[in-house]
Amino acid sequence: MSNIDISGLDKTYATTPPVSALQGVDLTIRSGEFVALLGPSGCGKSTLLNIIAGFEAPSLGGLTVNGQEIVQPAPERGVVFQEAALFPWLNVWDNVVFGPQVQGVAKSVYEPRAKEMLKIMGLSAFESSLPVQLSGGMRQRVGIARVLTMGSKILLMDEPFGALDAQTRLSMQELLLKVWQQLKPTVVFVTHDIDEALFLADTVYVMSSRPGRIQARLDVPFERPRQLELTTSAAFNQMKLEILRQMRH
Amino acid sequence: MAQSRLQKGLLALILPVAVLCLWQYAGSQPDMAGIVPTPLAVAVGWQSWIWGHAGMGLNPYLGTWLANVSYSASRVAEGFVCATLMGVPLGLMIGWSRLAAQLIDPMIQGLRPIPITAWLPFSIALFGIRDVGSIFLIFLGGFYAIVVNTTQGARDVDKNWVRAALMMGVNSRQLLWRVVLPSAMPNIFTGLRVGLGISWTAVIVSEMVAVKSGLGYVLWDAYYVGRMDIVLADMVSIGLMGFISDSFIVLIETRVLRWRLLQNH
């Protein structure tokens, strides 16, 4: 299945002076695991995600998915962008089926799947809307439906809910957990929000900045399915405190 | 306070009506005779240019308006379509591929400062007093505007749209036609509108010199024989044709760029 293996990974930008964005990153992500990369802005967490996506190449070190080296982006690793990055000239339906279409998948194959994913994401009534006619939260749901329709085994999410208001954000987190429970993709979720990381993930990697490196790995023991009440429990706050201490180091 | 359409319409009419009145008054002065015909005289001349019967052929401006308008319009259409068919793909390639940019862009940037009017003698020498020479200039005028704007549009493609497309498995041809082209569309339409305006300039200039028909030819010929009413009617006709063809592009633009128009509201 979809095992991500990263070992001794460095990323240096050849600017003057050179900027070391990532240094000595080792990471193993099992198939179906929900991982959060947590850290302040500038800690290289988005860079790490871009490297897993195949948008950027590492300067040093290895990165494999299922034993295969990553050389370029591919539909098996679906990316959900910070600002959704939908094509504004295509309506919701055309955005969602863009992937299967360019890959030459038969309509009879992708159509029922796209319908199903739009239904799960609560977008069935908006198939013919243009992205600009949707709210930020709905655009992000289209962004998720788009990668689910491609059948990506790995979801790479770059602060996907960062620009949303607090309420929308919570409902998106719940929706994401529901979908994950149902389809069990591997998720790498980048965030700077401790609550979000703890509520969603099985494993939280705390990153530190300049150079970006992984500072701590925490197993999140909370039972699934998780309810919103979890975020106010004593155990949750205890873990939050622990992470805060880690981050202050 | 919200203005009604009527109020806006009336406001817009004040200046033109004032100019017309002043013009009528100035044209009626004896020492202006033969230089500035009155608006009424222009209307009468124009009317016979459109509807008049050719008769014995002594007056070349009887009933030839439509024919000359269509000569010019079809030259613009031919030159402009060629400019679009070449300018858009070339602009996309220059904006998108570094190799194409290094290969083609210097040539275009090097030739662009030569005004299209400077090409006139060379174009006549090359093509003779024929349609092709005129169409060539129209093409050239439209082409620069279209290629430069398309290049800009292709360069400004949002990085995340490209990444999203690559993540979804596009090949380079699909990337160009399904992502770069639509996202460059707003710039392309800017180029088309500017290019069309230049094409109308080019058709008038080239018809004055390089061919013996069309609005540009009539404009110069009428001036030569002192028919200033036809000169002015011709000028208004050119403006009208420019306006109509531009409106046509805007009509297509509002359909193609609906996503963009909604965005700006």
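Fair warning: this is a prediction, and the values are worked out from it, not measured in the lab.

**Some remarks on the overall build of chain A**
Inference 1: Secondary structure summary: chain A contains eight helices and ten strands in total.
Inference 2: Against the compact-globule benchmark of 18 Å for 249 residues, chain A has a radius of gyration of 18 Å, which places it among compact chains.
Inference 3: Dimensions of chain A along its principal axes, counting C-alpha atoms only, are 50 × 45 × 35 Å.
Inference 4: Per-residue burial for chain A yields a buried fraction of 41% across its 249 residues.

**Things to note about the interface of chain A and chain B**
Inference 1: Taken residue by residue, the interface counts 20 residues in chain A and 15 residues in chain B.
Inference 2: When residues of the side of chain A that touches chain B are traced back to their parent elements, those giving at least two are β6 (77–80) and α3 (98–102) of chain A.
Inference 3: With three residues, the single largest contributor to the side of chain A that touches chain B is α3(A).
Inference 4: Counted by class, the side of chain A that touches chain B contains 16 nonpolar, four polar and no charged residues.

**Section: the sheet that holds strand β5 (residues 68–69) of chain A**
Residue and element names in this part refer to chain A.
Inference 1: Strands sit in the order β2-β1-β4-β5 across an open sheet of four strands; the sheet is antiparallel. Edge positions in the open sheet fall to β2 (19–29) and β5, since each of these has one partner strand only.
Inference 2: In the sheet, strand β4 (residues 60–65) pairs with β5 via two bridges, with the strands oriented antiparallel. If you follow Thr 64 over to β5, its bridge partner there is Glu 69.

**Here's the deal with the sheet that holds strand β9 (residues 203–208) of chain A**
All names here are of chain A.
Inference 1: Ordered by their spatial adjacency, six strands build an open sheet running β6-β7-β8-β3-β9-β10, and the pairing between neighbours is mixed. Here the strands that pair on one side only, and so sit at the sheet edges, are β6 and β10 (213–219). Shown here is a sheet whose adjacent strand axes are inclined to one another by a mean of 20°, direction ignored.
Inference 2: The sheet contacts of helix α5 (residues 136–150) involve β6 and β7 (154–158), and relative to β6 the element is tilted by about 175°.

**Focus on unusual backbone geometry**
Residue and element names in this part refer to chain A.
Inference 1: A cis amide bond, omega -5°, links Thr 16 with the succeeding residue Pro 17.
Inference 2: Mapped onto the elements of the fold, Pro 17 is located in the loop between β1 (4–13) and β2.
Inference 3: Cis geometry marks the peptide bond from Arg 210 to Pro 211; its omega dihedral reads -10°.
Inference 4: Its location among the elements puts Pro 211 in the loop between β9 and β10.
Inference 5: The phi torsion at Asn 66 lies on the positive side, around 55°, for a residue other than glycine.
Inference 6: Here Asn 66 is to be found in the loop between β4 and β5.
Inference 7: Although it is not a glycine, Ala 84 adopts a positive phi angle of roughly 70°.
Inference 8: Within the fold, Ala 84 resides in the loop between β6 and α2 (92–96).
Inference 9: For Ala 84, a count of 23 C-beta atoms within 10 Å translates into the label buried.

**Concerning the pairing of β9(A)**
All names here are of chain A.
Inference 1: In the sheet, strand β3 (residues 34–38) pairs with β9 via four bridges, with the strands oriented parallel. Opposite Val 35, over in β9, you have Thr 203 as the bridge partner.
Inference 2: Taking the residues between adjacent antiparallel strands as the criterion, β9 and β10 are bridged by four residues, where Arg 210 takes a positive phi near 45°.

**A short note on the nonpolar core**
It is characteristic of soluble globular proteins that their nonpolar side chains tend to be buried jointly.
Inference 1: In this structure, A:Val35, A:Val188 and A:Phe189 are the most contacted members of the largest nonpolar core, which totals 127 residues.
Inference 2: Looking at this core element by element, the count peaks at 14 residues for helix α8 (residues 172–209) of chain B.
Inference 3: The residues touching A:Val35, leaving out its near neighbours within four places in the chain, are A:Ile29, A:Val187, A:Val188, A:Phe189, A:Ala201, A:Asp202, A:Thr203 and A:Tyr205.

**Focus: the packing of helix α2 (residues 39–51) of chain B against helix α10 (residues 228–256) of chain B**
Residues and elements named next belong to chain B.
Inference 1: Taken N-terminus to C-terminus, the directions of α2 and α10 make an angle of 80°; their axes are 8 Å apart at the nearest point. Relative to α10, the element α2 is oriented roughly perpendicular. Contacts from Ala 41, Val 42, Gly 45, Trp 46 and Trp 49 in α2 reach Asp 229, Ile 230, Leu 232 and Ala 233 in α10.
Inference 2: Broken down by class, the residue content of the contact of α2 with α10 amounts to seven nonpolar, one polar and one charged.

**Digging into the packing of α8(B) against helix α9 (residues 215–224) of chain B**
Residues and elements named next belong to chain B.
Inference 1: Where α8 contacts α9, the two axes come as close as 7 Å, and the packing angle between them is 55°. Here α8 lies oblique to α9, going by the angle between them. Read as a crossing pair, α8 and α9 show a hand that is right-handed. Where α8 abuts α9, its residues Val 203, Ile 204, Val 205, Ser 206, Glu 207 and Met 208 lie against Leu 215, Gly 216, Tyr 217, Leu 219 and Trp 220.

**Thoughts on the environment of A:Gln246**
Residue and element names in this part refer to chain A.
Inference 1: For Gln 246, the position within the fold is in helix α8 (residues 234–248).
Inference 2: Since 15 C-beta atoms lie within 10 Å of it, Gln 246 is described here as partly exposed.
Inference 3: Ignoring any residue separated from it by four or fewer positions in sequence, one finds Gln 246 in contact with Val 206, Gln 215 and Ala 216.

**Structural notes on helix α7 (residues 159–167) of chain B**
Inference 1: Among the residues of α7(B), B:Trp161, B:Ala164, B:Ala165, B:Leu166 and B:Met167 are the ones counted as buried.
Inference 2: Those residues of α7(B) hidden inside the fold are in contact with α1 (45–53) and β6 of chain A together with α8 of chain B.
Inference 3: One or two residues past the end of α7(B) sits B:Gly169, with phi positive at roughly 90°.

**Points about the confidence of the model for chain A**
Inference 1: For chain A, the mean per-residue pLDDT works out to 94, and 99% of the residues sit at or above 70.
Inference 2: Taking the mean pLDDT of every element in chain A, the minimum, 91, falls on α8(A) and the maximum, 98, on α2(A).

**Details of α10(B)**
All names here are of chain B.
Inference 1: With 29 residues, α10 extends 42 Å between its outermost C-alpha atoms, agreeing within 8% with the 42 Å of an ideal straight helix rising 1.5 Å per residue.
Inference 2: Those residues of α10 that sit buried are Asp 229, Ile 230, Leu 232, Ala 233, Asp 234 and Ser 237.
Inference 3: For α10, the elements touching its buried residues are α2, α3 (65–96) and α9.

**Here we look at the pairing of β1(A)**
Residue and element names in this part refer to chain A.
Inference 1: Pairing geometry for β1 and β2, over seven bridges, is antiparallel. Counterpart to Leu 9 in the pairing with β2 is Val 25.
Inference 2: With antiparallel pairing between neighbouring strands as the criterion, β1 and β2 make up a hairpin whose turn holds five residues.

**A short note on the confidence of the model for chain B**
Any region with low pLDDT has predicted coordinates that should not be read closely.
Residues and elements named next belong to chain B.
Inference 1: Confidence in the prediction for chain B averages 92 pLDDT; 97% of positions are at 70 or higher.
Inference 2: Ranking the elements of chain B by mean pLDDT puts helix α11 (residues 258–263) last, at 86, and α7 first, at 97.
Inference 3: We note a pTM of 0.89 for the whole complex and an ipTM of 0.94 for its interfaces.

Rules used in this analysis
- Residues numbered from 1 in each chain as written.
- Chains lettered and ligands numbered in written order.
- Predicted model: local features only at pLDDT ≥ 70, side-chain atom pairs only at ≥ 80, totals over all residues.
- Helix = DSSP H or I, 4+ residues; strand = E, 2+ residues; numbered from the N terminus.
- Rg over C-alpha atoms; globule rule 2.2 N^0.38 Å.
- Buried ≥ 20, exposed ≤ 12 C-beta atoms within 10 Å, placed from the backbone.
- Contact = placed C-beta atoms within 7 Å.
- Nonpolar A, V, L, I, M, F, W, Y, C, P; charged D, E, K, R; others polar.
- Pairing = 2+ DSSP bridges.
- Axes fitted to C-alpha atoms, helices over the stretch in contact; angles between N-to-C directions.
- Core = buried A, V, L, I, M, F, W, Y, C linked by C-beta atoms within 7 Å.
- Parallel < 35°, antiparallel > 145°, perpendicular 65-115°, else oblique.
- Left-handed = near helix turned anticlockwise from the far one by under 90°.
- pLDDT = per-residue confidence, 0-100.
- Expected span 1.5 Å × (residues − 1).

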